[in-house]
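Close look at the chain arrangement
Below are the chains, spelled out letter by letter.
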Amino acid sequence: MGDNGLRSPDSRPVTGDRTHFSKISLIIITMKHKGLVAAVASKTNQPENEIENMLQATIDILKSQLVDGNIVNFQGFGSFEFKRKEERLSVHPATKIRTLIPPKQVMNFRQSATLKVKLKEIPHHE
Amino acid sequence: MSKEKINAAEIVELLAQHAAVSKKSADDFLKAFITTIEETLMSNDSVKINGLGTFKLQWNEARKSVDVNTGAEIVIDGYYKVVFTPDAALKELANEPYEHLQPVLLDEVETAEPATSDEITEPDQTPLKHFNEQADEIKDILSEINALNDNVEPEIKESKKNENQDTTVKNVNNSHSKEDFQPEKLRRFPSYKRNNNNDFLFIGIMLGGLLIYLLIDFDVFSILTKYLDSHRFRQEVVRYPENQFVLPDNIPVDTLLSDTSLLEADSVLQQDTVVLQKQEQDELQLLFDQPRVYKEFIATEEVIPGSRLTRIAERHYGVKEFWVYIYEANQDQFYSPDEIEPGMVLRIPKLNPKIADKNNPRCMEYALKLHDLYLER
């Protein structure tokens, strides 16, 4: 997962350099569902199928709590919430056609302050 | 709407119930779960969880800002931020209460604005309003008339009279009345005409059928040709007496038995028609072989989009095969007969009636021959 060889602490740009995003996206290896289950299983010394089962249960609980209108907070990580976006009027810049966009609810994740501090320690990748 | 905050401990409890595991293992799992995600993110990987979404790190660029209190310029360092992108299922779930709502186009803006401007100018034109009411009344009357569908004309006249009473708004009135009545008239008259046309067409077809039947039944064609040929023969016998000596071999027995003078006349008649036909054909062939020079024109026509040479020919000569002659007359404008372009002005030549005889199969044959010749080029 983590490849320390990719990091180069000294090359941290201060000014805006957009190109580095594409480079990062090439480097990033997405940890898929199965990889996560395997990693958690190895940590807790439990069989993978049980972890899979519990992960599914966690997701279900999280969803049901969110649907009920609650904020689900994981200490030290962040909180999940459904946020309502009010209806608004959008104007097409070219045709000047006005469109009424209806209200909607979106999933919102807000990282915790402690996670933010931790993340500050990561040097920027070129 | 006050939102209740659910913390990790409550989640653990629910999880233990839900997955039927001990609280401890549930707690262990959740901690391991969170830390694994965190660690993965720390090593700048993204984490994808099926049925939930993707956690990812986002680099926020360093930027200059101003201290709100002191007004001094400060630089906010670039930093990473965890962003969560919900997958499609979760997005839908989140938006469930509002999913029936659709964006509404409000492009009546343009139409609404002129309306308001009209309202501004309205006070000067109060008679117009008055008139509009009257127009509505007329429309109502018209709809009634439509329903009844009789005594149309008198009532329209009446309503027109009503309009004319109000002289102040006469002009506007008229324009409106035109708008009201024109569609009415347009609708009524063509249908009338069409009926008449149908009647005429039917009668024509019947008469034509009858005529053809009679012609076939009484063998009128042969009688006519015989009469004509005998007439011609009498004239020609004087000119070419030698025709009398040529007798065809296969004379029917009936004719032999009949009057000798008649026999003579008949046989010579047959011979003569053959000769005549030959002469005619040769004449035609000569005409065909002659280079055609078009000096007289019956019309000129500008090509419009979608028109074809064949259609133009059909319009002017009644036979679409004769397009070749139009083509010949306007050859200087064409590169190929297929390339007829809007804007070209075609001269429609006057044709020699002998060449352009649609009842003569040879003429048609020749036209088709030309057709093949020009299309091959």
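Look a little higher up for the structure.
Residues numbered from 1 in each chain as written. Chains lettered and ligands numbered in written order. Predicted model: local features only at pLDDT ≥ 70, side-chain atom pairs only at ≥ 80, totals over all residues.

1. Concerning the sheet that holds strand β1 (residues 71-74) of chain A
In space, the four strands of this open sheet follow the order β5(A)-β2(A)-β1(A)-β1(B), with mixed pairing throughout. The open sheet has two free edges, formed respectively by β5 (104-111) of chain A together with β1 (5-6) of chain B, since each of these has just one partner strand. As judged from the eight bridges shared by strand β2 (residues 78-85) of chain A and β5(A), these two strands associate in the antiparallel manner. Across the sheet, the residue bridging to F80(A) is F109(A), located in β5(A). (Pairing = 2+ DSSP bridges. Helix = DSSP H or I, 4+ residues; strand = E, 2+ residues; numbered from the N terminus.)

2. Some remarks on the interface of chain A and chain B
Between chain A and chain B, the residue contacts involve 57 residues of the former and 60 residues of the latter. Counting only elements with at least two residues in the side of chain A that touches chain B, the list comes to α2 (33-44), α3 (48-67), β1, β2, β4 (98-101), β5 and α4 (113-120) of chain A. Looking at the side of chain A that touches chain B, the element that brings in the most residues is α3(A), giving 12 residues. Taken together, the residues of the side of chain A that touches chain B break down into 31 nonpolar, 19 polar and seven charged. Two strands pair when backbone bridges link them, and β4(A) and strand β7 (residues 104-105) of chain B are joined in this way by two bridges, in the antiparallel orientation. Bridge pairing in β7(B) places T99(A) opposite L105(B). (Contact = placed C-beta atoms within 7 Å. Nonpolar A, V, L, I, M, F, W, Y, C, P; charged D, E, K, R; others polar.)

3. What about unusual backbone geometry?
Residues and elements named next belong to chain A. Positive phi, normally seen in glycine, also occurs at N45, with a value near 55°. Inspection of the secondary structure assignment puts N45 in the loop between α2 and α3. With phi around 65°, K96 is a residue other than glycine that occupies positive phi space. Along the chain, the position of K96 falls in the loop between β3 (88-91) and β4.

4. Focus on the nonpolar core
In this structure, V40(A), M54(A), L15(B) and F29(B) are the most contacted members of the largest nonpolar core, which totals 40 residues. Apart from residues lying up to four places away in sequence, V40(A) is in contact with I51(A), F29(B), A32(B), F33(B) and T36(B). Counting 17 residues, the second largest nonpolar core, distinct from the first, contains W323(B), Y325(B), A356(B) and A367(B). (Core = buried A, V, L, I, M, F, W, Y, C linked by C-beta atoms within 7 Å. Buried ≥ 20, exposed ≤ 12 C-beta atoms within 10 Å, placed from the backbone.)

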